[in-house]
Number of protein chains: 2
Amino acid sequence: MRARDLLTPFPTVTLDTTVGEAARLLAGQDLPGLIVVDAEGKPTTVLSGTAVLQLAVPFYCQDDPALARVVDEAHADAFLEPHADRPVRVALPRQPRELPVTDLDATLLELAALMARTKSPLVAVAGEDGVLVGAVTLQALMDRLVAS
Amino acid sequence: MRARDLLTPFPTVTLDTTVGEAARLLAGQDLPGLIVVDAEGKPTTVLSGTAVLQLAVPFYCQDDPALARVVDEAHADAFLEPHADRPVRVALPRQPRELPVTDLDATLLELAALMARTKSPLVAVAGEDGVLVGAVTLQALMDRLVAS
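Residues numbered from 1 in each chain as written. Chains lettered and ligands numbered in written order. Predicted model: local features only at pLDDT ≥ 70, side-chain atom pairs only at ≥ 80, totals over all residues. Heavy atoms only, no water.

1. Remarks on the sheet that holds strand S3 (residues 43-48) of chain A
Residues and elements named next belong to chain A. With mixed pairing, three strands are arranged side by side in an open sheet as S1-S2-S3. Here the strands that pair on one side only, and so sit at the sheet edges, are strand S1 (12-13) and S3. In the packing of helix H2 (residues 19-28) onto the sheet, the strands contacted are S1 and strand S2 (33-37), and the crossing angle to S2 comes to about 135°. Running at roughly 90° to S3, helix H3 (residues 49-56) makes contact with S2 and S3 of the sheet. (Pairing = 2+ DSSP bridges. Helix = DSSP H or I, 4+ residues; strand = E, 2+ residues; numbered from the N terminus. Contact = heavy atoms within 4.5 Å. Axes fitted to C-alpha atoms, helices over the stretch in contact; angles between N-to-C directions.)

2. Quick word on the relation of the copies chain B and chain A
Each of the two chain copies goes to the other by way of a rotation about an axis and a shift along it. Structural alignment of chain B on chain A gives an RMSD of 0.0 Å, achieved by rotating through 180° and translating 0.0 Å along the axis. One copy is carried onto the other by what is essentially a two-fold rotation axis. A shared binding surface is used by both copies, with 100% of the interface residues of chain B retained as interface residues in chain A. (Least-squares fit on C-alpha atoms with pLDDT ≥ 70 in both.)

3. Let's talk about unusual backbone geometry
Its identity is not glycine, yet Asp30 of chain A carries a phi of approximately 55°, on the positive side. The topology assignment puts Asp30 of chain A in the loop between H2 and S2. On the basis of relative accessible area, Asp30 of chain A is assigned to the exposed category, the value being 54%. Although it is not a glycine, Lys119 of chain B sits at a positive phi angle of roughly 55°. Along the chain, the position of Lys119 of chain B falls in the loop between helix H8 (108-118) and strand S5 (122-126). On the accessibility criterion, Lys119 of chain B (51% relative accessible area) is exposed. (Buried < 20%, exposed > 50% of the residue type's maximum accessible area, 1.4 Å probe, protein only.)

4. A look at the confidence of the model for chain A
All names here are of chain A. Looking at chain A as a whole, its pLDDT mean stands at 89, while 98% of the residues score no less than 70. Averaged over each element, pLDDT in chain A is lowest for helix H4 (residues 59-63) (79) and highest for strand S5 (residues 122-126) (96). Predicted complex, confidence summary: ipTM 0.86, pTM 0.87. (pLDDT = per-residue confidence, 0-100.)

5. A word on the packing of helix H8 (residues 108-118) of chain A against helix H3 (residues 49-56) of chain B
Between two packed helices, both the angle of their axes relative to each other and the distance between the axes serve to describe the pair. Contact geometry for H8 of chain A and H3 of chain B: axes closest at 9 Å, N-to-C directions at 125°. Considering the angle they form, H8 of chain A stands oblique to H3 of chain B. The element H8 of chain A and its partner H3 of chain B pack so that their crossing is left-handed. For the pair formed by H8 of chain A and H3 of chain B, the contact residues are Ala112, Met115 and Ala116 of chain A on the first element and Thr50, Leu53 and Gln54 of chain B on the second. (Parallel < 35°, antiparallel > 145°, perpendicular 65-115°, else oblique. Left-handed = near helix turned anticlockwise from the far one by under 90°.)

6. Topic: a nonpolar patch on the surface
There is a patch of nonpolar side chains on the surface, built from Tyr60, Leu67 and Val70 of chain A and spanning about 300 Å² of accessible area. Among the structural elements, Tyr60 of chain A can be located in helix H4. (Patch = residues over 30% accessible without salt bridge, like charges linked within 9 Å, V, L, I, M, F, W, Y side chains within 5 Å. Areas by Shrake-Rupley, 256 points an atom, 1.4 Å probe, with all protein chains shown as cover. Salt bridge = Lys/Arg side-chain N within 4 Å of Asp/Glu carboxyl O.)

7. Re the side chain of Ser48 of chain A
Residues and elements named next belong to chain A. One can find Ser48 in strand S3. Ser48 gets classed as buried once you look at its relative accessible area, which sits at 14%. Of the polar contacts made by the side chain of Ser48, one reaches the side chain of Thr50; its length is 3.2 Å. (Polar contact = N/O pair within 3.5 Å; in protein donor to acceptor, adjacent residues only side chain to side chain.)

8. With respect to the packing of H3 of chain A against helix H9 (residues 138-147) of chain B
Relative to each other, H3 of chain A and H9 of chain B sit at 35°, their axes nearing to 11 Å. With respect to the hand of their crossing, H3 of chain A and H9 of chain B are arranged in left-handed fashion. Of the residues in H9 of chain B, those in contact with Gly49, Thr50, Val52 and Leu53 of chain A of H3 of chain A are Leu138, Leu141, Met142 and Leu145 of chain B. A class-by-class count of the residues in the contact of H3 of chain A with H9 of chain B yields six nonpolar, two polar and no charged. (Nonpolar A, V, L, I, M, F, W, Y, C, P; charged D, E, K, R; others polar.)

Set out below in structure tokens:
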């Protein structure tokens, strides 16, 4: 079992995609995260679902639970609005150390270790030229793991 | 919009559940994670999907990508086996600082900030007695967020 056997086509975004579009894509297609690619189609960032959410949550609420609590319900419901038109580029957090990106030959154990290490429910798989060919999701990997 | 409006019943495990059972539950029901409860039904830990996977990945592979690569394909396919009968209690990593657990009155913004801060696609919701009443998933929250 190699990455090529677990591969699924996966929608991508770019750094110019807006936060609103990214949120709609994630929600509409029930995705575990999003893959950001450059102009050549090479994966540059993999965002987990919670990282996509993080793009839309005001910084002061991420750091301090008490501050989120004082926002009234009407404003709390609409927290995405002020950020929806910002490009992902602007909202992106500092880059993590290791990206969950691998090649077509990665084994089940390599994929699992990469997901565990990067805490990403999604691994981008690139060909020899570095261009994205698809993704392996945590769900696909777990299905295979418990079946074997 | 409050946690009570986004609540979904959620299966739970205990510290005595085996790693194999936890993996099968996650895979079989397509869950974003698992909630660990104590004998009184109070949530003590929330494990994201990648944290459940982490229970089964050998420590040496989590730290060093090169070590996962040298394991041959047959052994890599079956990496869960040696760990499947261990209880979750034994495999559990050091406890995180903040648990993604909240109450029924948490707003959409509080839920989102909590998910972003704890990087958990799943928030456990407890009643006033601390007993779990259900969960809010990232997917349910994103659906509501982009609809509003």
